[in-house]
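So you can see what is in the structure, the chains are spelled out below.
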Amino acid sequence: MVEHRHGKVEREAALRHKVHEQKYQPAPAAAVAEGEQQQHALDEQRRQQHTEKLQEIGNRRARRARGPFRPIHRRARLQRRAVQRIGPPALAAFCHQNDPIRIRYAMVAEGVEPHPACVAADQVAPHGRTVGALRGAGVRNSKDTKVTDMLYACYDLAENDQDFKVMLRKIKDRYDSIINGLHLKLALDEEFKIIAENFKAKAGADYAASRGEYLNGIIMANYLGYEFIDSATVIFFDENGNFDAEKTDKVLSKKLEQTEKAVIPGFYGAGPDGKVVTFSRGGSDITGSIVSKACHASMYENWTDVSGCLVADPRIIDNPQPIKVVTYRELRELSYMGASVLHEDAVFPVRKAGIPINIRNTNDPEAPGTLIVESTCQKPDYTITGIAGKKGFVAVNIDKDKMNSEVGFCRKALQAFEENGISIEHMPSGIDTMTVFVHQAEFEGKEQQVISSIRRLAHPDIIDLESDLALIAVVGRGMKSNRGTAGRIFSALAHANINVRMIDQGSSELNIIIGVSNDDFDKAIKAIYDIFVVTQL
């Protein structure tokens, strides 16, 4: 019985060995060669894929060196699409008058094939109107010259009756390179001929500066297949050069009602005589806001190169936290004290219309950015919303016994500043003292006239000046509901060995203004940021 089992095991082992030999016997030479070729082809394919991947990484890095990739992602029910920044920035703000309505910026420039996700409006908002407020071409790299500056230089030559053809040719070459990079069948010869004629006729510096936006508008409209609307026909200024909001809103609203898809250049409009008038630099933000109001947008998305507003200045704080939601009042306080993301005048048209603003980063399109609203019940991430400040102030300290009982004393003292054309920044006061903060650069040349005027009008006992001061605003709607905010600020400054020269807080408790020495400015902001954002004590 044992021998039988042993013999059976041997037979099974021999059978397995035979099967193994048949299965793993050497393949014919032809089969080996074919297999090697297949393996070689597979390896070659993998190497090619790897090489293409490395090349794509290199291309992305090269694009970042020339100018970052700036896609636009349409949210909510709009289909996601992207427009790529390809060199010198030409910002287009698109208002999709559908649901949801959006104003957004697109970047277009030169030298690289446009992204395949660039789309026409009918793919994005098939039942709505699409309007763009366009900005001018900028720079391709850090050593490049802005087109606006080139236009100014070109017009200076024309105004001085010098030959400007070479400079104008360089500007045309810049735009031709954009057109070629986008493979457009478009020629700007006629436009540049008109520009040359107007330069010779001394059309004005505003006209020269506006041609950047004008030419970019034509290119963008051609690229997207939209109608081009010259801002000079829909945006108006009065005889004093002030923006005529009422006339603009009436004409622009009517025009947009008749237009399905359009691109409108930013930055300029026309005066009563038809001559071009420009906003200050940054005016494309204003144009986008004006267009938002005119087409009753539900959101004004402003695409820029930062992820919205930041809690503190990134030149002072490394990688400061972004602000998710900020009210118009908070933004006004921060902007007044030096925080600059959105042009200040761009807020008012949309604020009056109740349109929120969303500041987004074209370098980081997935980032939510900052939402600017009239009011909100959303609690901020930190007790404070932001920190901003400016250097270069003078404190004018005015003392007089029984000042509080003298009717009109403050008015008399401030009249001295008014007479000399000096605006005041802050004015903390006590029973027998008041301090007026003014810009040092504005005050220095007139200090003796101001002092004489104060003595003549108010008859104070003592006038004392303190220069080289900085003002820091700590702003936040959350400060009102959190006890000890001021105590934490002064504790942080004390630990940083910073002497506080002034403190001022309004009744709304929206902000606290602190005066420190210019030399302590950066250190003070770091100390306040650290206690409220980093350690959150």
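These numbers come from a predicted model, not from an experiment.

Conventions adopted
Residues numbered from 1 in each chain as written. Predicted model: local features only at pLDDT ≥ 70, side-chain atom pairs only at ≥ 80, totals over all residues. Heavy atoms only, no water. Helix = DSSP H or I, 4+ residues; strand = E, 2+ residues; numbered from the N terminus. Buried < 20%, exposed > 50% of the residue type's maximum accessible area, 1.4 Å probe, protein only. Contact = heavy atoms within 4.5 Å. Areas by Shrake-Rupley, 256 points an atom, 1.4 Å probe, with all protein chains shown as cover. Phe/Tyr/Trp six-rings, centres within 6.5 Å; stacked < 30°, edge-to-face > 60°. Lys NZ or Arg CZ within 6 Å of the ring centre and 35° of its normal. Pairing = 2+ DSSP bridges. Axes fitted to C-alpha atoms, helices over the stretch in contact; angles between N-to-C directions. Salt bridge = Lys/Arg side-chain N within 4 Å of Asp/Glu carboxyl O. pLDDT = per-residue confidence, 0-100. Expected span 1.5 Å × (residues − 1). Parallel < 35°, antiparallel > 145°, perpendicular 65-115°, else oblique. Left-handed = near helix turned anticlockwise from the far one by under 90°. Nonpolar A, V, L, I, M, F, W, Y, C, P; charged D, E, K, R; others polar.

### What to know about the overall build of the protein chain
Right, on to step 1. Along the backbone of the protein chain there are 16 helices and 16 strands.
Right, on to step 2. The 537 residues of the protein chain split such that 48% are buried.
Right, on to step 3. Intrachain contacts of the protein chain at a sequence separation of at least 6 include 72% that bridge at least 24 residues.
Right, on to step 4. On the protein chain, roughly 27,500 Å² of surface is accessible, and the fraction owed to carbon and sulfur atoms is 49%.

### With respect to the packing of aromatic side chains
Right, on to step 1. This model, assessed by the stated rule, comprises eight aromatic pairs.
Right, on to step 2. With 6.2 Å between their ring centres and 80° between their planes, Phe199 and Tyr207 make a pair best called edge-to-face. With respect to burial, Phe199 and Tyr207 carry one shared label: buried.
Right, on to step 3. With a centroid separation of 6.1 Å and an interplanar angle of 70°, the aromatic rings of Phe237 and Phe243 are classed as edge-to-face.
Right, on to step 4. Given a relative accessible area of 4%, Phe237 falls into the buried group.
Right, on to step 5. Ring pairing ties together the aromatic residues Tyr155, Phe164, Phe199 and Tyr207, which thus form one cluster.
Right, on to step 6. Directly above the ring of Tyr214 sits Arg211, whose terminal nitrogen or CZ lies 4.4 Å from the centroid.
Right, on to step 7. Taking NZ or CZ as reference, Arg211 lies 5.4 Å from the ring centre of Tyr268, over its face.

### Re the sheet that holds strand β15 (residues 502–505)
Right, on to step 1. One open sheet accounts for five strands, arranged β13-β12-β14-β16-β15; its pairing is antiparallel. The outermost strands of the open sheet, each flanked by one partner alone, are β13 (433–439) and β15. Ignoring which end each strand starts from, the neighbouring axes of this sheet average 35° apart.
Right, on to step 2. Alignment of strand β14 (residues 462–475) against strand β16 (residues 511–517), held across seven bridges, turns out to be antiparallel. Looking across to β16, one finds that Ile472 is bridged to Ile514.
Right, on to step 3. Across the sheet, helix α10 (residues 328–336) lies against β12 (386–399), β14 and β16, angled at about 65° from β12, the strand it touches most.
Right, on to step 4. Along the sheet face, helix α12 (residues 409–419) touches β12 and β13 and points at about 25° away from the line of β13.

### Some details on the pattern of salt bridges
Right, on to step 1. Counted by the stated rule, this structure contains 17 salt bridges.
Right, on to step 2. Among the ionic pairs, Lys172 bridges to Asp189, the shortest N-O distance being 2.9 Å. With Lys172 in helix α5 (residues 165–181) and Asp189 in helix α6 (residues 189–200), this residue pair connects regions lying 17 residues apart in the sequence.
Right, on to step 3. Across the pair Lys255 and Glu227 runs a salt bridge whose closest N-O atoms are separated by 3.4 Å. A residue pair is termed long-range when its members are at least 10 positions apart, and Lys255 in helix α8 (residues 245–257) and Glu227 in strand β4 (residues 227–228) qualify at 28 residues.
Right, on to step 4. It is possible to trace a salt-bridge network through shared partners that takes in Arg169, Lys172, Asp173, Asp176 and Asp189.

### Looking at the confidence of the model for the protein chain
Right, on to step 1. Put simply, the protein chain has an average pLDDT of 77, and 72% of its residues get 70 or more.
Right, on to step 2. Per-element averaging of pLDDT across the protein chain places helix α3 (residues 121–124) at the bottom with 25 and α6 at the top with 95.
Right, on to step 3. This stretch, residues 60–130, has a pLDDT under 50; its non-local contacts, to residues over four places away or in other chains, come to 228 contacts.

### Remarks on α5
Right, on to step 1. The end-to-end C-alpha separation of α5 is 24 Å, in line with the 24 Å expected for 17 residues at 1.5 Å each.
Right, on to step 2. Inspection of α5 places Leu168, Ile171, Lys172, Arg174, Tyr175, Asp176, Ser177, Ile178, Ile179 and Gly181 among the buried residues, and these make up the whole buried set.
Right, on to step 3. Looking one or two residues past α5, His183 carries a phi angle of roughly 55°, positive in sign.

### Comments concerning the sheet that holds strand β9 (residues 325–327)
Right, on to step 1. Spatially, the four strands line up as an open sheet ordered β8-β10-β11-β9, and their pairing is mixed. The sheet terminates laterally at β8 (300–304) and β9, the two strands that pair on one side only. Strand-to-strand twist in this sheet, taken as the mean axis angle between neighbours without regard to direction, amounts to 20°.
Right, on to step 2. Summarising the sheet, β8 and strand β10 (residues 357–361) pair through five bridges and their orientation is parallel. Bridging from a neighbouring strand, Asn302 pairs with Ile359 of β10.
Right, on to step 3. Contacts from α10 reach β9, β10 and β11 (370–373) within the one sheet, and its direction differs from that of β9 by about 85°.

### Remarks on the packing of helix α15 (residues 485–495) against helix α16 (residues 521–534)
Right, on to step 1. α16 packs onto α15 with a crossing angle of 130° between their chain directions and a minimal axis gap of 9 Å. One finds that α15 runs oblique with respect to α16. Here the hand of the crossing between α15 and α16 comes out right-handed. Side by side, α15 and α16 meet where Thr485, Arg488, Ile489, Ala492 and Leu493 of the first sit next to Ala524, Ala527, Ile528, Ile531 and Phe532 of the second.
Right, on to step 2. Its residues assigned to classes, the contact of α15 with α16 shows eight nonpolar, one polar and one charged.

### Structural notes on the packing of α5 against α6
Right, on to step 1. Where α5 contacts α6, the axes come no closer than 11 Å and their chain directions differ by 150°. Taken together, α5 and α6 sit at an angle that is classed as roughly antiparallel. Handedness of the crossing formed by α5 with α6: right-handed. Between α5 and α6, the residues in contact are Leu168, Ile171, Lys172 and Tyr175 and Asp189, Phe192, Ile195 and Ala196, respectively.
Right, on to step 2. For the contact of α5 with α6, a count of residues per class yields six nonpolar, no polar and two charged.

### What to know about the pairing of β10
Right, on to step 1. Among the five residues in β10, five count as buried, and that is most of the element.
Right, on to step 2. The side-chain alternation of β10 yields two buried faces, one formed by Ile357, Ile359 and Asn361 and the other by Asn358 and Arg360.
Right, on to step 3. Inspection of the sheet shows β10 paired to β11 by three bridges, in the antiparallel sense. Following the sheet pairing, Ile357 is matched in β11 by Ile372.

### What about the environment of Cys154?
Right, on to step 1. Inspection of the secondary structure assignment puts Cys154 in helix α4 (residues 147–159).
Right, on to step 2. When the C-alpha positions of Cys154 and Val166 are compared, they lie 8.8 Å apart, and in sequence the two are 12 residues distant.
Right, on to step 3. Not counting the four nearest positions on each side in its chain, Cys154 is found in contact with Phe164, Met167, Leu168, Ile171 and Phe199.

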